[in-house]
Amino acid sequence: MFDLKGNEEPDTRSEEECFPNIDTGIEVAGDRVLVQLRREKSTSKGGIILVDETRQTLRFNETVAKVVQVGPLAYRNLDEGLTPWPEGPWCKEGDFVRIPKFGGDRFERKIPNTEDTALFCIFSDHEIIAKVDPAAFEELDELL
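Analysis parameters
Residues numbered from 1 in each chain as written. Predicted model: local features only at pLDDT ≥ 70, side-chain atom pairs only at ≥ 80, totals over all residues. Heavy atoms only, no water. Helix = DSSP H or I, 4+ residues; strand = E, 2+ residues; numbered from the N terminus. Buried < 20%, exposed > 50% of the residue type's maximum accessible area, 1.4 Å probe, protein only. Contact = heavy atoms within 4.5 Å. Areas by Shrake-Rupley, 256 points an atom, 1.4 Å probe, with all protein chains shown as cover. Salt bridge = Lys/Arg side-chain N within 4 Å of Asp/Glu carboxyl O. Phe/Tyr/Trp six-rings, centres within 6.5 Å; stacked < 30°, edge-to-face > 60°.

Visitor: Pulling in residues and values, what's your account of the overall build of the protein?
Guide: Scanning the protein for helices and strands turns up three helices and eight strands. For the protein, the α and β elements follow one another from N to C terminus as α-β-α-β-β-β-β-β-β-β-α. Here the protein holds 144 residues, and the buried ones make up 41% of them. Counting only contacts in the protein whose residues sit at least 6 apart along the sequence, the fraction spanning at least 24 positions is 69%. Summed over its atoms, the accessible surface of the protein is roughly 8500 Å², and 52% of this surface lies on carbon and sulfur atoms.

Below you can see the structure in the form of structure tokens.
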């Protein structure tokens, strides 16, 4: 479901499993956008437990994220009286977006009642690459 590169098996986990709801304790400032990266899989489709090295590679390569927060100055003209961008905001809270593979300020938060962590990243508003429709992931897999 969330494989945008077409080189791994489809992810059949629920949205809640991929993007658990976690309080980050952070409020983004200015033109920043806080996103949560999709959790890496712990087992393959066949039930094989993935080793930590594989899981970390999957995490590092992730480029799909869910928008958690949008800063108060995001998608506004900072030099022109804070007027909204003519084309409007590129994303809003709850949207799925493509993000750069490198960059951003990345940090982890523990997922309550588990040993796992979730990965978050803060980007400037203009660094968001694209808004993605989760229903179209299968079609995108074929294109990429």
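What follows picks up the thread again.
Visitor: Account for the pattern of salt bridges, naming residues and giving values.
Guide: According to the stated counting rule, one finds three salt bridges in the structure shown. Measuring nitrogen to oxygen at the nearest pair gives 2.5 Å for the salt bridge that ties Glu15 to Lys66. Placement of Glu15 in helix H1 (residues 15–18) and of Lys66 in strand E2 (residues 64–70) is noted, with a sequence separation of 51 residues between them. Overall, Lys66 belongs to the buried group, its relative accessible area being 19%. For the salt bridge of Asp95 with Lys92, the shortest nitrogen-to-oxygen distance reads 3.1 Å. Here the salt bridges share partners, and the residues they tie into one network are Lys92, Asp95 and Lys131.

Visitor: Outline the packing of aromatic side chains, supporting the account with residue identities and numerical values.
Guide: Within this structure, the stated rule accounts for five aromatic pairs. Arranged with centres 5.9 Å apart and planes meeting at 50°, the rings of Tyr75 and Trp90 form a pair that is tilted. Placement of the pair is Tyr75 in the loop between E2 and strand E3 (76–77) and Trp90 in the loop between strand E4 (83–84) and strand E5 (96–98), with a sequence separation of 15 residues. Residue Tyr75 is classed as buried on the basis of its relative accessible area, which comes to 3%.

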